[in-house]
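Residue strings, one per chain:
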Amino acid sequence: MNRLVIVSNRVPPRERSSAAGGLAVALREAITRRETLWLGWSGATASAPAVEPTLHRVGRLTYATLDLAADDYAGYYRGFSNGMLWPLLHHRVGLSEFRREDLAAYRRVNHTFALALAQLLRPGDAVWVHDYHLFPLGAELRALGVRVRIGFFLHVPFPPRALWEALPDGDALIRDIGTYDVVGVQTEDDARHLNELLAMQGEVPRARAFPVGIDPAAFAKAARTAAGGEEVKRLGQSLGNRALILGIDRLDYSKGLVQRFEGYAKLLRRFPEHCNKVTFLQIAPVSRGDVTQYRSLRRELDELAGRINSEHAEFDWAPLRYLTRTVRRNVLAGFCRMAAVGLVTPLRDGMNLVAKEYVAAQDPDDPGVLVLSRFAGAVGDLEGAIVINPHDPDAIAEALHVALSIPAEERRARWATMWRGVNRHTAASWARGFLAALEGVAASRAA
Ligand code: ADP
Ligand code: F6P
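Residues numbered from 1 in each chain as written. Chains lettered and ligands numbered in written order. Predicted model: local features only at pLDDT ≥ 70, side-chain atom pairs only at ≥ 80, totals over all residues. Heavy atoms only, no water.

A. Molecular detail of the sheet that holds strand S7 (residues 182–185). Within the open sheet, the eight strands sit side by side as S3-S4-S2-S1-S5-S6-S7-S8. Their pairing is mixed. What marks the edges here is a single partner per strand, and that holds for strand S3 (54–58) and strand S8 (207–209). Each neighbouring strand pair of the sheet contributes to a mean axis angle of 25°, computed without reference to strand direction. The pairing of strand S1 (residues 4–10) with strand S2 (residues 36–46) spans five bridges and is parallel. Bridge assignment links Val5 to a residue of S2, and that residue is Leu37. Against the sheet, helix H2 (residues 70–89) makes contact with S1, S2 and strand S4 (61–69), and its axis sits at roughly 100° relative to S4, the strand it touches most. (Pairing = 2+ DSSP bridges. Helix = DSSP H or I, 4+ residues; strand = E, 2+ residues; numbered from the N terminus. Axes fitted to C-alpha atoms, helices over the stretch in contact; angles between N-to-C directions. Contact = heavy atoms within 4.5 Å.)

In structure tokens form, the structure reads like this:
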């Protein structure tokens, strides 16, 4: 079997249990036992850009990491990737901030990554590039004379043409995407949006949906094991007999946290019978804390959380527990199993693995209920969830009210449908499907 070469901005930390973010999670569970090279950013900044990657071998997996120069970090990662592309790709043009110098840094870093990778490549390698940070990487590699197969997968949504056209020089990025042998996105809608733009640039509209998933059996096992652990027991004791509503997200404006908090406040106001009978635990580790839009979101949530607690708390009950740090993955699995409701309400999300993890973690005899945004890619796999419009806090409140009173038999039926859904597209089947498509590319195009 040929070597697999993964390229992504973020290379998971070596003690990988604490990685938050769908890309790291999906790939970790997807890597097969083949020889793999994984190149990406080291997570560190340096005074000058690194040209030689640092290599670190763990079994059959070799990490090759590069530091970013401080200017490049600011322009490529904080500026163009997360200040411009991220909001645009999540349909939030109004939050996008474009600067020509950021775009220049973005292209410079892609060029540097390509130079570093080209010298490590061997004939027959299959290169798999991930996410919006690296749209131009394939074209850069081709310009350096690299002939092996190169595929690209976008973990986040792709917006309709009318939104994409807000991006200055967006056509050039579309042509860059057109150079990949295989282009994967999460949903059919994303594929349609991207294909329209590819066709307009005279490129082959080859974007296809490869919905990403988790390893459901492994997550279910982790949840069962964690249920007997110290943290889950402590959570259980602290709740008393109250039902747990659980949210788990990076602290990101795409996750709909403001509307979610407001929805919960409306639950307590409109359906006061739930007061002192439920606790909402929101775990939202700080993400991209040096990007302006994320800092203001954090302030807004701090204030909102304080207001909800001060308005509704009793001397023996805090309605909302809000944590901004990461929690170990297996502990999270145990928390999911304990939660009567999983509350997943992104305003827009490529897939949303948390929704699938919540389902996988449930006790099949006494499962909880998933309340899910209609704008998460995962909705296509999760018939059986209560689907809401995340822009409407009243709809969230009503869905919570319904979810908290669904009888066991209906909960089991809903869960069984969702369990089939999370097993339809798993991390393993996603990786197999994408790599089969990549390896099926006619040798004449790649060689
Ligand atoms: P995104 O890629 O936008 O972060 P996903 O829901 O697809 O969203 O993936 C998030 C992944 O990161 C999930 O596997 C989830 O369990 C993990 N994660 C999210 N929040 C935390 C947290 N607080 N602690 C640890 N892991 C987290
Ligand atoms: O899954 C989407 C994604 O942007 C990944 O590419 C990324 O690794 C993850 O979210 C977390 O974001 P960041 O790498 O910026 O911390």
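B. Representation of the environment of Gly433. Mapped onto the secondary structure, Gly433 falls in helix H16 (residues 427–439). For the pair Gly433 and Pro211, spaced 222 residues apart in sequence, the C-alpha to C-alpha distance is 9.8 Å.

C. Spatial organisation of the site of ligand 2. Around ligand 2, the structure places ten residues, and the nearest of them are Arg10, Tyr77, Asp131, Tyr132 and Arg288. Separating an oxygen atom of ligand 2 from a side-chain N or O atom of Tyr77 is a distance of 2.5 Å. Contacts to ligand 2 include Asp131, whose side-chain N or O atom sits 2.5 Å from an oxygen atom. With the chains in place, 91% of the 380 Å² that ligand 2 exposes on its own is no longer accessible. Of all the elements in the fold, those that place two or more residues in the shell around ligand 2 are helix H1 (22–30) and H2. (Near = heavy atom within 4 Å. Polar contact = N/O pair within 3.5 Å; in protein donor to acceptor, adjacent residues only side chain to side chain. Areas by Shrake-Rupley, 256 points an atom, 1.4 Å probe, with all protein chains shown as cover.)

D. Structural detail: the pattern of salt bridges. In the structure shown here, the tally under the stated rule is 28 salt bridges. Between Asp125 and Arg3 there is a salt bridge, with the nearest N and O atoms lying 2.7 Å from each other. Residue Asp125 is located in the loop between helix H3 (100–118) and strand S5 (126–130), and its partner Arg3 is located in the segment before S1; the two are separated by 122 residues in the primary sequence. Among the residues examined, Asp125 registers a relative accessible area of 4% and is labelled buried. (Salt bridge = Lys/Arg side-chain N within 4 Å of Asp/Glu carboxyl O. Buried < 20%, exposed > 50% of the residue type's maximum accessible area, 1.4 Å probe, protein only.)

E. Here's a closer look at the sheet that holds strand S12 (residues 341–344). Taken in spatial order, the six strands of this open sheet run S11-S10-S9-S12-S13-S14, and their pairing is parallel. Sheet topology places strand S11 (320–323) and strand S14 (386–388) at the edges, where each strand pairs with a single neighbour. Pairs of neighbouring strands in the sheet enclose a mean axial angle of 20°, with direction left out of account. Direction of pairing for strand S10 (residues 278–283) relative to S11: parallel, over a ladder of four bridges. Opposite Gln282, over in S11, you have Tyr322 as the bridge partner. The sheet contacts of helix H12 (residues 329–338) involve strand S9 (243–248) and S10, and relative to S9 the element is tilted by about 140°. Together, S9, S12, strand S13 (369–373) and S14 form the strand contacts of helix H14 (residues 393–403), whose direction differs from that of S14 by roughly 170°.

F. Quick peek at the pairing of S2. Examined bridge by bridge, S2 and S4 share eight bridges and lie parallel to one another. Bridged to Gly40 within S4 is Thr65.

G. Layout of the pairing of S3. The pairing of S3 with S4 spans five bridges and is classified as antiparallel. Across the sheet, Arg57 pairs through a bridge with Thr62, a residue of S4. Joining the antiparallel neighbours S3 and S4 is a turn of two residues, in which Gly59 adopts a positive phi near 60°.

H. The arrangement of the nonpolar core in detail. Core analysis: the largest hydrophobic core is formed by 90 residues, its most contacted members being Val7, Leu85, Phe113, Phe135, Trp164 and Tyr264. Of all the elements, H2 adds the most residues to this core, at nine residues. The residues touching Trp164, leaving out its near neighbours within four places in the chain, are Leu85, Leu88, Leu89, Phe135, Phe158, Pro159, Gly170, Leu173, Ile174 and Leu197. By size, the runner-up hydrophobic cluster in this structure holds 59 residues, among which are Ile6, Ala339, Val354 and Ala355. (Core = buried A, V, L, I, M, F, W, Y, C linked by side-chain atoms within 4.5 Å.)

I. Quick look at the packing of helix H8 (residues 216–227) against H12. Relative orientation of the contacting elements H8 and H12 amounts to 80°, with a least axis distance of 7 Å. As the angle between them shows, H8 and H12 are arranged roughly perpendicular. Contacts from Phe219, Ala222, Ala223, Arg224, Ala226 and Ala227 of H8 reach H12 at Arg329, Asn330, Ala333, Gly334 and Arg337. Residues that form the contact of H8 with H12 fall into these classes: six nonpolar, two polar and three charged. (Parallel < 35°, antiparallel > 145°, perpendicular 65-115°, else oblique. Nonpolar A, V, L, I, M, F, W, Y, C, P; charged D, E, K, R; others polar.)

J. Just the packing of H2 against H3, in detail. At a closest axis distance of 8 Å, the pairing of H2 and H3 adopts a crossing angle of 110°. As far as their axial angle goes, H3 and H2 are roughly perpendicular. Regarding H2 and H3, the two cross each other, and that crossing is left-handed. Of the residues in H3, those in contact with Asp71, Asp72, Ala74, Gly75, Tyr76, Gly79, Phe80, Ser81 and Leu85 of H2 are Asp102, Leu103, Ala105, Tyr106, Arg108, Val109 and Asn110. Here the residues of the contact of H2 with H3 sort into eight nonpolar, four polar and four charged. (Left-handed = near helix turned anticlockwise from the far one by under 90°.)

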